[in-house]
Each structure stands twice: as structure tokens, then as C-alpha cells.
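Geometric and topological summary
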Amino acid sequence: MQIFPIGSKLWTSASDEAKNATEELVESFKTLEKELGEKTYFGGEAFSFIDLSLIAFSTFFHSFEIVGNFSMEAECPMIVEWANVHEKGECLSVSL
């Protein structure tokens, strides 16, 4: 799963391709939600590289919603909640 290439396809494609990219992007985030489950971090007990990587993409959530015409909160509420908690950076500063 590669979020950046899918997001790029969403931003640069015509309507049918953009619709497919939107569906692929939502499925990718749903896969991440399943992996996260009830854990605080993707790595389990500690903030990991996966957490750091996804925090960077959380800044694109609003853009994905506008261009893809969907709601991240409606489609992937656990990822949005996770991003809201971790974007404050406390877990990152503690981990470093």
C-alpha cells in the first residue's frame, strides 16, 4: 500500500481514474485501521516509524476529502481519531 502514489493519482487524474483512486485510497486507510485495531500505536507499545510516516500524511486528509469528495471521518474514523491524538507531537517528543 502506497498512500502518496494513490493520492497523486487522485489529484492528477480525470474523473473515472480519480474515482478509482479515491476508492483505493479509502481501502488503504481501512487496511491501516484494521492493523491499528485498539492499539495506541501501529508498533504496539511505542511510537514507530509507521506512526511517524502516517502522521505526515494526516496533513493531507482534508485535501483527500475535497478532491475525492468523501469524508475521512465517515470512512475511517479510527485513523482520524488516531491522527488527532498524535498530531500534537507529544508521543513523538517522548519517543525521541
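A brief look at the structure comes next.

1. Quick notes on the packing of helix H1 (residues 3–12) against helix H4 (residues 61–68)
- Direction vectors running N to C along H1 and H4 enclose 40°, while the axes themselves pass 10 Å from each other. Judged by the angle between their axes, H1 and H4 are oblique. Between H1 and H4 lies a crossing whose hand is left-handed. The residues of H4 that touch H1, namely those facing Ile 3, Gly 7, Leu 10 and Trp 11, are Ser 63, Phe 64, Val 67 and Gly 68.
- When grouped by side-chain class, the residues that make up the contact of H1 with H4 number 5 nonpolar, 3 polar and no charged.

2. Describing helix H3 (residues 49–58)
- Among the residues of H3, Asp 51, Leu 54, Ile 55 and Ser 58 are the ones counted as buried. Taken end-on, H3 shows its buried residues confined to a sector of 110°, consistent with a single buried face.
- Tucked into the core, H3 has its buried residues touching H1, helix H2 (15–36), H4 and helix H6 (77–86).

3. A word on the packing of aromatic side chains
- In this structure the tally under the stated criterion is 8 aromatic pairs.
- Taking 5.5 Å as the distance between ring centres and 20° as the angle between the ring planes, the aromatic pair formed by Trp 11 and Phe 64 counts as stacked. Pair noted here: Trp 11 is in helix H1 and Phe 64 is in helix H4, with a separation of 53 residues, a long-range link.
- By relative accessible area, which is 33% here, Trp 11 ends up partly exposed.
- For Phe 64, a relative accessible area of 1% gives the class buried.
- Seen from their ring centres, Phe 42 and Trp 82 are 5.4 Å apart, and the 70° between their planes marks the pair as edge-to-face. Of this pair, Phe 42 sits in the loop between H2 and H3 while Trp 82 sits in helix H6, and the two are 40 residues apart along the sequence. Pair check on accessibility: Phe 42 and Trp 82 agree, each one buried.
- An aromatic cluster is defined as three or more aromatic residues linked by ring pairs; in this entry it consists of Trp 11, Phe 29, Phe 57, Phe 60, Phe 61 and Phe 64.

Criteria and thresholds
Residues numbered from 1 in each chain as written. Predicted model: local features only at pLDDT ≥ 70, side-chain atom pairs only at ≥ 80, totals over all residues. Heavy atoms only, no water. Axes fitted to C-alpha atoms, helices over the stretch in contact; angles between N-to-C directions. Helix = DSSP H or I, 4+ residues; strand = E, 2+ residues; numbered from the N terminus. Parallel < 35°, antiparallel > 145°, perpendicular 65-115°, else oblique. Left-handed = near helix turned anticlockwise from the far one by under 90°. Contact = heavy atoms within 4.5 Å. Nonpolar A, V, L, I, M, F, W, Y, C, P; charged D, E, K, R; others polar. Buried < 20%, exposed > 50% of the residue type's maximum accessible area, 1.4 Å probe, protein only. Arc of directions from axis to C-beta. Phe/Tyr/Trp six-rings, centres within 6.5 Å; stacked < 30°, edge-to-face > 60°.

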